[in-house]
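Observations on the model geometry
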Amino acid sequence: MIKATNDEKNGVRSAVDDGVYDVVVVGAGAAGLNAALLLGRARRKVAVIDAGEPRNAPAAQMHGFLSRDGLPPSVLLELGRAEIASYGVQLIRGRVEQIDHGFYVRMVGGPVLKARRILVATGLRDELPDIPGVRERWGKDVLHCPYCHAYEVRDQPLAVLGTHPGAVHQALLLRQWSDDVVFFPHTLDLTAQDRERLEARGLRFVEGEIEHLVVDGDRLRGIELTDGRAVPRAAAFVFPRAVPHDELLTHLGCAKGDNGWVVTDRTGRTGVSGVWAAGNVVDPRAQVVAAAGMGSTAAFALNADLLEEDVESAVEQHRATAAATR
Amino acid sequence: MQAPTPGSVDSVTEQTFDERVLQAKRPVLIQFWATWCHPCRMVSPIVEQLAAERSGDLDVVKVDLDEEPELAARHGITAVPAFVVYAEGRPAGSWVGAAPKHILEQKLAAYLGSSAAGRG
């Protein structure tokens, strides 16, 4: 039965006092925080659990976010955390081990939170190629997303490292920012069509296996090959393998599509009732602003879903009361 | 006008290029290099040794890629270490990459003819 307090009758904020959260959000990145912001403003009881490992932490700035262009990613999260706190959303530091149907959110170290709905916004991890120097310079002058970081290295000598088939499109795209782009096929087998397209676009090839990235004076200086050549470059682009942090979702039974990513509808609703997902955990292409938007969209849908349940309960209670007083 | 010290590997710049390379009486081996380039550091002692051994018939100079981007661009240098051989004020040949001394000597001989190749 729904427990209603005196001043909050008829299903509104019905779960406040029984320790059950309306929504537990896992992950306090852009998607999770924006969802929590909307849900907090909708006066839902919300907890956000965050392990504190944002994907974009190595980057000094984030870009392409209207009114927040160039802001350090950590500052966006700080601002977001302050905003959700002002609406009474609880932010819990920690890692979620598993979520069981019901929903029981089991945290590492023991605590269990009970929730009516779940939003998983745990993001993804960039698996970097095993070339010495790549990890060291990741987010500084070894970059991934042209839309996010190419403008800052425009007109400079750029490298694209052939470690992933996605590097071909990345290289075609990068020509928009610099006319000096060298493609290092490295271990990648390029098709004749790939080569033609890259050549037509004005890219240069440097064949041979990459030995390491040359870093000197806290900046990338060049790409050194195993055959004893070093090619001067100011920045390098790599295409990491994006691995979603979706174990919580798959444990709950959320289905994955042919592309290996958990399937959701346009609001982030997964195939499992009551479970939503937003941001990079379901969409590797979402930039910070897109992830925030996905969180906002999911929050609307989550609240609507909760509302439907709240109204049904209220009607039931209403009918019971009416029957008792007849 | 400073005269090149026989056997040394001086740096040339845009300003000294004419005098030291284009107007040189003898063939010139130019090594393009960069401070950050490990293969360049590996090959530099070999180049210095070669310069000393061939001081009778060959000038050897070096160009820092980052200091002299124009010179590098004009020679189409896209990787270092890179070598360009000049004879009678004109480029006679070029190659890229660090290599052992005997390969360096072979390349020189190929571009300058056997008369200019050191023999032991």
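Let us look at the structure shown here. (Residues numbered from 1 in each chain as written. Chains lettered and ligands numbered in written order. Predicted model: local features only at pLDDT ≥ 70, side-chain atom pairs only at ≥ 80, totals over all residues. Heavy atoms only, no water.)

**With respect to the overall build of chain B**
- Secondary structure summary: chain B contains 4 helices and 5 strands in total.
- For chain B, the succession of helices and strands along the chain, N to C, is β-α-β-α-β-α-β-β-α.
- Counting over 120 residues, chain B shows a buried share of 46%.
- By sequence separation, contacts in chain B at least 24 residues apart represent 71% of the contacts at least 6 residues apart.
- By element, 51% of the accessible surface of chain B is carried by carbon and sulfur atoms, the whole surface being about 6000 Å². (Helix = DSSP H or I, 4+ residues; strand = E, 2+ residues; numbered from the N terminus. Buried < 20%, exposed > 50% of the residue type's maximum accessible area, 1.4 Å probe, protein only. Contact = heavy atoms within 4.5 Å. Areas by Shrake-Rupley, 256 points an atom, 1.4 Å probe, with all protein chains shown as cover.)

**Some thoughts on the sheet that holds strand β10 (residues 181-184) of chain A**
Residue and element names in this part refer to chain A.
- Read from one edge to the other, the open sheet built from 5 strands follows the order β8-β15-β9-β10-β11, with strand pairing classed as parallel. Two strands lie at the open edges of the sheet, namely β8 (142-143) and β11 (204-205), each paired on one side alone.
- Across 2 bridges, β10 lies against β11 in parallel orientation. Bridged to Phe 183 within β11 is Phe 205.
- Packed onto the sheet, helix α5 (residues 167-174) meets β8, β9 (158-161), β10 and β15 (235-237) and runs at close to 165° relative to β9. (Pairing = 2+ DSSP bridges. Axes fitted to C-alpha atoms, helices over the stretch in contact; angles between N-to-C directions.)

**Some words on the side chain of Asp141(A)**
All names here are of chain A.
- Along the polypeptide, Asp 141 turns up in the loop between α3 (134-137) and β8.
- Residue Asp 141 is classed as buried on the basis of its relative accessible area of 8%.
- Looking at Asp 141, its side chain comes within polar contact range of the side chain of Arg 137, at 2.8 Å.
- A distance of 2.9 Å separates a polar atom in the side chain of Asp 141 from the backbone nitrogen of Leu 220.
- The residues contacting Asp 141, other than those within four sequence positions of it, are Arg 219, Leu 220, Ala 234, Ala 235 and Ala 236. (Polar contact = N/O pair within 3.5 Å; in protein donor to acceptor, adjacent residues only side chain to side chain.)

**Remarks on the pattern of salt bridges**
Residue and element names in this part refer to chain A.
- Under the defined criterion, the tally for this structure stands at 27 salt bridges over all chains.
- The partner of Arg 44 in a salt bridge is Asp 310, with the nearest N and O atoms 2.9 Å apart. Of this pair, Arg 44 sits in the loop between α1 (30-41) and β2 (46-50) while Asp 310 sits in helix α8 (residues 288-325), and the two are 266 residues apart along the sequence.
- We classify Arg 44 as buried; its relative accessible area is 10%. (Salt bridge = Lys/Arg side-chain N within 4 Å of Asp/Glu carboxyl O.)

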